Amino acid sequence: MGTAGAAPGSPTHGGLASLYEAALRYQANDICLEDLPMMAAEALAAGLDTPTLCELAGLPRNADVRDIRDAFEQALSESGIELPDPALARRHALRRLAAKLVREEIAPAVRVLH
């Protein structure tokens, strides 16, 4: 994760961490693109500030998904975050799913054979 200059506990560290988490979910196709503007707003509130992150945060949920995608990828770049490898992103998605199972936030699917 490209978090140069953001020490743990610093105001921008939380914004970078949440933006990196969004990048992982984005690469794993585990996120609605319409949610990215709100995630950008949360990263801004956490202290991260780039021009395109501000632009992304101002986009409505019903904005063209291509505009959201382009702004998100540019905001990552401006923040020093490279898009994670898709395989890494899928592993993180599996960990999130396993954690939800452990916390009983979701139930395993049960297949009934006839």
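Cut-offs used in this document
Residues numbered from 1 in each chain as written. Predicted model: local features only at pLDDT ≥ 70, side-chain atom pairs only at ≥ 80, totals over all residues. Heavy atoms only, no water. Helix = DSSP H or I, 4+ residues; strand = E, 2+ residues; numbered from the N terminus. Patch = residues over 30% accessible without salt bridge, like charges linked within 9 Å, V, L, I, M, F, W, Y side chains within 5 Å. Areas by Shrake-Rupley, 256 points an atom, 1.4 Å probe, with all protein chains shown as cover. Salt bridge = Lys/Arg side-chain N within 4 Å of Asp/Glu carboxyl O. Lys, Arg positive; Asp, Glu negative; His and termini not counted. Charge placed at Lys NZ, Arg CZ, Asp CG, Glu CD. pLDDT = per-residue confidence, 0-100. Contact = heavy atoms within 4.5 Å. Buried < 20%, exposed > 50% of the residue type's maximum accessible area, 1.4 Å probe, protein only.

Moving on, we get to unusual backbone geometry. Despite not being glycine, Asn29 shows a phi value in the positive range, around 55°. Along the polypeptide, Asn29 turns up in the loop between α1 (11–27) and α2 (36–45). The backbone of Glu104 shows a phi angle near 60°, a positive value even though the residue is not glycine. Assignment of secondary structure puts Glu104 in the segment after α5 (86–102).

Together, Glu55, Asp67, Asp70, Glu73 and Glu78 line one region of the surface with negative charge. Examined against the element boundaries, Glu78 turns out to sit in helix α4 (residues 65–78).

Detailed reading of the predicted coordinates is not advisable wherever pLDDT falls low. Considering every residue of the protein chain, the mean pLDDT works out to 86; 88% of them sit at 70 or more. In the model, residues 1–5 has pLDDT below 50 throughout and makes eight contacts with residues more than four positions away in sequence or in other chains.

Another aspect to go through is the pattern of salt bridges. Here the structure, examined in full by the defined rule, presents six salt bridges. The partner of Asp30 in a salt bridge is Arg96, with the nearest N and O atoms 3.0 Å apart. Remark: Arg96 occurs in helix α5 and Asp30 occurs in the loop between α1 and α2; sequence separation between them is 66 residues. Asp35 is paired through a salt bridge with Arg61; the nearest N and O atoms lie 2.6 Å apart. Of the two residues, Asp35 is situated in the loop between α1 and α2 and Arg61 in the loop between α3 (51–57) and α4; the sequence distance between them amounts to 26 residues. Here Arg61 falls in the exposed class, since its relative accessible area comes to 52%.

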